[in-house]
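A look at the structure
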Amino acid sequence: MSSSSRIPVPGAEPIKEESYRVVGGLKIIDRWFKVPLDYSHPEGELIRIFARSAVPNKNNDDGEAGGKLPICGPGFECAHPKSHPLTDFFIGKGFQMLYIDQRGTGLSTPVDADTLTKYRTVKGQADYLKMMRADNIVRDCEAIRKQLLGRKEKEEERKWTVHGQSFGGFCAFSKLIYIVFTTGGMPPLVNNPDQVYERTYQKLAERNQVYYKKYPQDIQAVQQIIAYLDRNNVTLPSGGKLTKERFLDLGLAFGGHGGIDNIHRIVQHAANDLELYDSLTLKLKQSIESQQSFDGNPIYALLHEACYCQGEASDWSASRTLPQSWTTSTPVLFTGEMIYPHMFSNYHELSKFRPVAEVLAKEKEWPPLYDVDQLKKNEVPVYTANFIDDMYVAWDLSMETVRTIKGARSYDTNVLHHNAVRVRTDGVMGELWRLRNGEVD
């Protein structure tokens, strides 16, 4: 459907396999494969991709039929099937599950500052990281599908059904295969992130308003915390710097169910520390770091803006499109799912990537991710849940994509947030299943 379909994709080369059973009636099959780093040069460097199957114990089979493919991201590995709420839902519908750690994460040749920078120049690092986007993630999935299902006799048995949450949905529309479900993951058909951020800043401002309306006492508390951070150099357990900018990055959590409450507890803890000690305790610092995953999942920061780019540079889009009033607003406004240059100084591991981050921000030669003409001719069933007040994915741009994809059916609501598929699984997936079954009032 996109440029990803124009480059030949061979079947993945199996490396090893492990299987075991877990409490709850699941058989787990862990598999590792070799695939090209660059599919246009299959003779070049190879990387390892990890995939984990989950099948009911009672099946006692090879776990290769009827697969689902949830994809996390951008820059995150998949959760273990036992802890993922989609597992029970889809297995209850007669499916088996296949969770793939996208390239550069989890067990799939994870990107790490020390290993990436050890033998590669900055240009070499950039060239490597440019291979970590949705187009190649989809090729990895196709390579694994060919290895697992390519020898099936019937054509329908050689297909699988895809579920994409968030960035996983972006990946799904790079190459539609059989049936696609997405939740909070309808990609905007743009060439750079500017239009996305212009909209998500508006939603972020609304979520700040909700936060301070629910916890008005935090208006003063946040001001006191910011003033303290302006006066003091605070080091986090990882070695990173807790600046006021990094503290305000905690607003990333505002876009999920329970996120506002979580950040209130951190603010309350910090204010309590300052009242008692005029300093911040180790426990509070640990709580802040637990909310910020960029050091352990650096692709999330390095390629977040690039996941929107097609033939254009991102050029630090979030920083450029930040409303002028944001930094002078009262009450103090938190930031959200935006990547700023300061992160590559304030986060310990990200600081090692700063030179390559600058290169990626200026990069223009990003290949196309979506074939709009083909999307308009789509014949694949598409069922998508989109959240009107989504703080991470601009709903109106998602609707433009829904209208572009022939036959796409959408469930839209303003009472759920981006992570609803995890915390309201039956409700969200039940609506998508009704779309699949053609139920109408």
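Residues numbered from 1 in each chain as written. Predicted model: local features only at pLDDT ≥ 70, side-chain atom pairs only at ≥ 80, totals over all residues. Heavy atoms only, no water.

1. Details of the overall build of the protein
Counting its regular elements, the protein contains 19 helices and nine strands. Projecting the C-alpha coordinates of the protein onto the three principal axes gives extents of approximately 70 × 60 × 45 Å. Residues classed as buried in the protein amount to 57% of the 441 residues present. Here the contacts in the protein between residues at least 6 apart in sequence split such that 73% fall between residues at least 24 apart. Carbon and sulfur atoms provide 48% of the accessible area of the protein, an area that totals close to 18,700 Å². Taking the 53 positively charged and 56 negatively charged side chains of the protein as two groups, their mean positions are separated by 3 Å. (Helix = DSSP H or I, 4+ residues; strand = E, 2+ residues; numbered from the N terminus. Buried < 20%, exposed > 50% of the residue type's maximum accessible area, 1.4 Å probe, protein only. Contact = heavy atoms within 4.5 Å. Areas by Shrake-Rupley, 256 points an atom, 1.4 Å probe, with all protein chains shown as cover. Lys, Arg positive; Asp, Glu negative; His and termini not counted. Charge placed at Lys NZ, Arg CZ, Asp CG, Glu CD.)

2. Quick word on unusual backbone geometry
That bond from threonine 330 to proline 331 is cis: its omega, 0 degrees, falls within 30 degrees of zero. Positive phi values are uncommon outside glycine, yet threonine 109 reaches one of about 45 degrees. Looking at where threonine 109 falls in the secondary structure, it is placed in the loop between β5 (96–100) and α2 (113–119). Unusually for a residue other than glycine, aspartate 315 sits at a positive phi of about 50 degrees.

3. Quick notes on the pattern of salt bridges
Enumeration over the complete set of coordinates arrives at 21 salt bridges. Between lysine 362 and aspartate 315 there is a salt bridge, with the nearest N and O atoms lying 2.5 Å from each other. Here the residue lysine 362 occupies a position in helix α15 (residues 354–362), and aspartate 315 occupies one in the loop between α11 (298–302) and α12 (317–320), the gap between them amounting to 47 residues. Its salt-bridge partner being lysine 406, residue glutamate 379 comes within 2.9 Å of it at the nearest N-O pair. Taken together, the residues span a long stretch of sequence, with glutamate 379 in the loop between α16 (372–376) and β8 (382–387) and lysine 406 in the loop between α17 (395–404) and β9 (409–413) at a distance of 27 residues. Classification of lysine 406 as partly exposed rests on a relative accessible area of 42%. Through salt bridges with shared partners, a single ionic network connects Asp194, Asp315, Arg320 and Lys362. (Salt bridge = Lys/Arg side-chain N within 4 Å of Asp/Glu carboxyl O.)

4. Things to note about the nonpolar core
Residues Ile144, Phe247, Phe334 and Phe344 are the most contacted members of the largest nonpolar core, which totals 112 residues. A per-element tally of this core places helix α4 (residues 134–149) first, with eight residues. Other than its neighbours up to four places away in sequence, phenylalanine 247 contacts Ile225, Ile226, Leu229, Leu242, Ile266, Val267, Ile288 and Phe334. Counting residues in hydrophobic clusters, the runner-up holds 25 residues, among them Ala54, Phe90, Tyr99 and Tyr383. (Core = buried A, V, L, I, M, F, W, Y, C linked by side-chain atoms within 4.5 Å.)

5. Concerning the packing of aromatic side chains
Under the counting rule described, the total for this entry stands at 23 aromatic pairs. Seen from their ring centres, tyrosine 197 and tyrosine 201 are 6.4 Å apart, and the 45 degrees between their planes marks the pair as tilted. Taken together, the positions of tyrosine 197 and tyrosine 201, both in helix α6 (residues 194–214) and four residues apart, correspond to about one turn of that helix. Considering the side-chain rings of tyrosine 211 and tyrosine 215, the 6.2 Å spacing of their centres and the 55 degrees angle between planes classify their relative orientation as tilted. An aromatic cluster is built from Phe89, Phe90, Phe95, Phe181, Tyr383 and Trp433, whose rings are joined through pairwise contacts. Directly above the aromatic system of tryptophan 32 lies the positively charged group of lysine 16, at a separation of 4.5 Å from the ring centroid. Sitting over the ring of tyrosine 347, arginine 246 keeps its end group 3.7 Å from the ring centre. (Phe/Tyr/Trp six-rings, centres within 6.5 Å; stacked < 30°, edge-to-face > 60°. Lys NZ or Arg CZ within 6 Å of the ring centre and 35° of its normal.)

6. Structural notes on the sheet that holds strand β6 (residues 161–165)
Spatial strand order, β6-β7-β8-β9: four strands in an open sheet with parallel pairing. Only two strands of the sheet have a single partner each, and these edge strands are β6 and β9. Across this sheet, the average inter-strand angle for adjacent strands is 10 degrees, counted without regard to direction. Of the pairings in the sheet, the one linking β8 to β9 comprises five bridges and is parallel in character. Paired with threonine 384 across the two strands is serine 410, which belongs to β9. (Pairing = 2+ DSSP bridges. Axes fitted to C-alpha atoms, helices over the stretch in contact; angles between N-to-C directions.)

7. Comments concerning α17
Those residues of α17 that sit buried are Leu397, Ser398, Met399, Thr401, Val402 and Thr404. Of the surrounding elements, those touching the buried residues of α17 are α6, α16, β8 and β9.

8. Comments concerning the side chain of aspartate 390
You can see aspartate 390 is positioned in the loop between β8 and α17. A distance of 3.2 Å separates a polar atom in the side chain of aspartate 390 from the backbone nitrogen of valine 393. Those residues in contact with aspartate 390, other than ones at most four positions away along the chain, are Gly184, Lys203 and His418. (Polar contact = N/O pair within 3.5 Å; in protein donor to acceptor, adjacent residues only side chain to side chain.)

9. Some details on the packing of helix α9 (residues 259–277) against helix α10 (residues 282–290)
Axis separation between α9 and α10 bottoms out at 10 Å; the angle between their running directions is 155 degrees. Regarding the angle of α9 to α10, the classification is roughly antiparallel. Relative to α10, α9 is oriented so that their crossing is left-handed. Contacts between α9 and α10 pair Ile266, His269, Ala270 and Asp273 from the former with Lys283, Leu284, Ser287 and Ile288 from the latter. Among the residues forming the contact of α9 with α10, the class breakdown is four nonpolar, two polar and two charged. (Parallel < 35°, antiparallel > 145°, perpendicular 65-115°, else oblique. Left-handed = near helix turned anticlockwise from the far one by under 90°. Nonpolar A, V, L, I, M, F, W, Y, C, P; charged D, E, K, R; others polar.)

Interpretation note: all reported values are geometric properties and have no functional meaning in isolation.
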